[in-house]
Amino acid sequence: MIPKLSALARDNPVPKKCIFAGCRARKTKHPVSLLELESVSKSFGGVTAVNNVSLTVEPGEILGIMGPNGSGKTTLFNLVSGALVPEAGEIFFQDERVDGLPPYRLCHRGLARTFQLVRPFLGLTVEENVLVGLGYGREKLTGAPARVKTAELLNSVGLGGRSDRLASTLTVMDRKRLELARALATSPKLLLLDEFMAGLTPSETAAAIRLIRDMQRGGLTVVLVEHIVWALLDVSHRIVVLSAGEKIADGAPTNVAKDPHVIEVYLGETI
Ligand code: ADP
Ligand code: MG
């Protein structure tokens, strides 16, 4: 007798997709984190930039990452976004193993980032910059629907009315807004912001915090690296601290700010 397909499927569950031949299916835990790093390491020559780091990002949270210069924050973002491949460890996004995938495939799965040094297409207009993100993102919007969506995105980041300006003529804050609109145009589930608030005035920083909160309320999960400690502690639900590539703290902002080890290596004094 030929068994029914449903019975076959029940008795022979398909192992979770894995990008590496020979690796084992994952023991799923519930609830599933949006992003999970397990013992991830990456070195450059003799420098271990990220050393055996494990962390999770839960759906809907704002996770802040802080640490001194050279502690591995940008390298961590490069590993998560596919610009670098870890030497050891595993990275899971929505419970699927993703380390080794190129950035465009991670983008199509819903992961977007902004760069420490913003990189708009300077010779394109504000609108054209966002249209590029829409064309390459998850939804691949073009034509009239893309223009409508671009106007919405530019309004949401505070660039409404400036769509015809050349990107090269924008202020630092407005270039950051544009970088954000371009990242949001790819319809991310997880957004990585690398020093988004660097170079902003206090009132611009407050505006950036409001923007990040608005995005999170709209359903986005955000991981941000920042040196402006008050802003990071204010906006984040949870903080991870790196020092010399290692994770030295992971917890609520109030607890992390009081942690003696964090104070010693980074803060210098109690906040
Ligand atoms: P952070 O963002 O916390 O300032 P980075 O991740 O940029 O730190 O750098 C961590 C360490 O790795 C530093 O010692 C840095 O010099 C080194 N590093 C980062 N990227 C590279 C690279 N592409 N080549 C060589 N060394 C690198
Ligand atoms: Mg950095």
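Going by the structure above, here's the rest.
Being a predicted model, the structure only gives us computed values, none of them experimental.

Some remarks on the packing of helix H4 (residues 126-136) against helix H6 (residues 172-184)
Here is step 1 of the chain: As a packed pair, H4 and H6 sit with axes 7 Å apart at the nearest point and diverge in direction by 30°. Comparing their axes, H6 and H4 come out roughly parallel. When the axes of H4 and H6 are compared, the crossing they make is right-handed. Side by side, H4 and H6 meet where Val 126, Asn 129, Val 130, Val 132 and Gly 133 of the first sit next to Leu 178, Ala 181, Arg 182 and Ala 183 of the second.

Concerning the packing of H4 against helix H5 (residues 143-156)
In helix packing, the relevant descriptors are the interaxial angle and the interaxial distance, both defined with respect to the helix axes.
Here is step 1 of the chain: At their nearest, the axes of H4 and H5 sit 9 Å apart, and the two run at 115° to each other. Between H4 and H5, the crossing angle belongs to the class labelled roughly perpendicular. Regarding H4 and H5, the two cross each other, and that crossing is right-handed. The residues of H5 that touch H4, namely those facing Val 126, Glu 127, Val 130, Leu 131 and Leu 134, are Ala 146, Lys 149, Thr 150, Leu 153 and Leu 154.
Here is step 2 of the chain: Considering only residue class, the contact of H4 with H5 consists of seven nonpolar, one polar and two charged.

Brief notes about the site of ligand 1
Here is step 1 of the chain: For ligand 1, the full set of nearby residues is Phe 44, Val 47, Ala 49, Gly 67, Asn 69, Gly 70, Ser 71, Gly 72, Lys 73, Thr 74 and Thr 75.
Here is step 2 of the chain: Among the secondary structure elements, those contributing two or more residues to the shell around ligand 1 are strand S2 (47-57) and helix H2 (73-80).
Here is step 3 of the chain: Looking at which element gives the most residues to the shell around ligand 1, the answer is H2, with three residues.
Here is step 4 of the chain: Here the residues of the shell around ligand 1 sort into three nonpolar, seven polar and one charged.

So, the environment of Ser 168
Here is step 1 of the chain: In this fold, Ser 168 is placed in the loop between H5 and H6.
Here is step 2 of the chain: The residues touching Ser 168, leaving out its near neighbours within four places in the chain, are Leu 122 and Gly 123.

Quick look at H5
Here is step 1 of the chain: Under the 1.5 Å per step criterion, the end-to-end length of H5 is 20 Å for 14 residues, consistent within 8% with the ideal 20 Å.
Here is step 2 of the chain: Restricting attention to buried positions, one finds in H5 the residues Thr 150, Leu 153 and Leu 154. One side of H5 holds all its buried residues, which, seen down the axis, span an arc of 95°. Opposite the buried face of H5, by more than 90 degrees, sit the exposed residues Ala 144, Pro 145 and Val 148.

Looking at the pairing of strand S1 (residues 35-44)
Here is step 1 of the chain: Note that S1 and S2 share seven bridges and pair antiparallel. Residue pairing across strands places Glu 36 opposite Thr 56, the latter belonging to S2.
Here is step 2 of the chain: Strand direction decides the pairing type here: S1 and strand S4 (residues 88-93), joined by five bridges, are antiparallel. Bridge assignment links Glu 38 to a residue of S4, and that residue is Glu 90.

What to know about H6
Here is step 1 of the chain: Given a rise of 1.5 Å per residue, 13 residues ought to cover 18 Å, and the 18 Å separating the end C-alpha atoms of H6 matches this to within 8%.
Here is step 2 of the chain: Across the 13 residues of H6, 10 count as buried, placing the element largely inside the fold.
Here is step 3 of the chain: All of the buried residues along H6 are Arg 175, Lys 176, Arg 177, Leu 178, Glu 179, Leu 180, Ala 181, Arg 182, Ala 183 and Leu 184.
Here is step 4 of the chain: Contacts from the buried residues of H6 go to strand S6 (111-114), H4, H5 and strand S7 (190-194).

So, the sheet that holds strand S9 (residues 238-243)
Here is step 1 of the chain: The six strands lie next to each other as S6-S7-S8-S3-S9-S10, forming an open sheet whose pairing is mixed. Looking at which strands have only one partner, the edges of the open sheet turn out to be S6 and strand S10 (246-251). The sheet shows a mean angle of 15° between the axes of neighbouring strands, taken without regard to direction.
Here is step 2 of the chain: As defined by bridge partners, S6 adjoins S7 across four bridges and the pair is classed as parallel. For Ala 112, the partnering residue across the bridge sits in S7 and is Leu 191.
Here is step 3 of the chain: Where H2 meets the sheet, it contacts strand S3 (62-66), S6, S7, strand S8 (221-225) and S9, and its direction lies at approximately 150° from that of S7.
Here is step 4 of the chain: Where H6 meets the sheet, its contacts fall on S6 and S7, and the angle it forms with S6 comes to roughly 170°.

Observations concerning the sheet that holds S1
Two orientations exist for strands paired in a sheet by backbone hydrogen bonds: parallel and antiparallel.
Here is step 1 of the chain: Pairing is antiparallel across the open sheet formed by four strands, whose spatial order is S2-S1-S4-S5. In this open sheet, the two strands that pair with only one neighbour each are S2 and strand S5 (96-97).
Here is step 2 of the chain: Across the face of the sheet, H2 comes into contact with S1, S2 and S4 while running at roughly 60° to S2.

Looking at the nonpolar core
The nonpolar side chains of soluble globular proteins are, as a tendency, buried together.
Here is step 1 of the chain: Among the nonpolar cores identified, the biggest contains 66 residues, and Ala 181, Leu 191 and Val 222 are the most heavily contacted of them.
Here is step 2 of the chain: Apart from residues no more than four positions distant in its own chain, Ala 181 is found in contact with Val 130, Leu 153, Leu 154, Val 157 and Leu 159.

What counts as what
- Residues numbered from 1 in each chain as written.
- Chains lettered and ligands numbered in written order.
- Predicted model: local features only at pLDDT ≥ 70, side-chain atom pairs only at ≥ 80, totals over all residues.
- Axes fitted to C-alpha atoms, helices over the stretch in contact; angles between N-to-C directions.
- Helix = DSSP H or I, 4+ residues; strand = E, 2+ residues; numbered from the N terminus.
- Parallel < 35°, antiparallel > 145°, perpendicular 65-115°, else oblique.
- Left-handed = near helix turned anticlockwise from the far one by under 90°.
- Contact = placed C-beta atoms within 7 Å.
- Nonpolar A, V, L, I, M, F, W, Y, C, P; charged D, E, K, R; others polar.
- Near = placed C-beta within 6 Å.
- Expected span 1.5 Å × (residues − 1).
- Buried ≥ 20, exposed ≤ 12 C-beta atoms within 10 Å, placed from the backbone.
- Arc of directions from axis to C-beta.
- Pairing = 2+ DSSP bridges.
- Core = buried A, V, L, I, M, F, W, Y, C linked by C-beta atoms within 7 Å.

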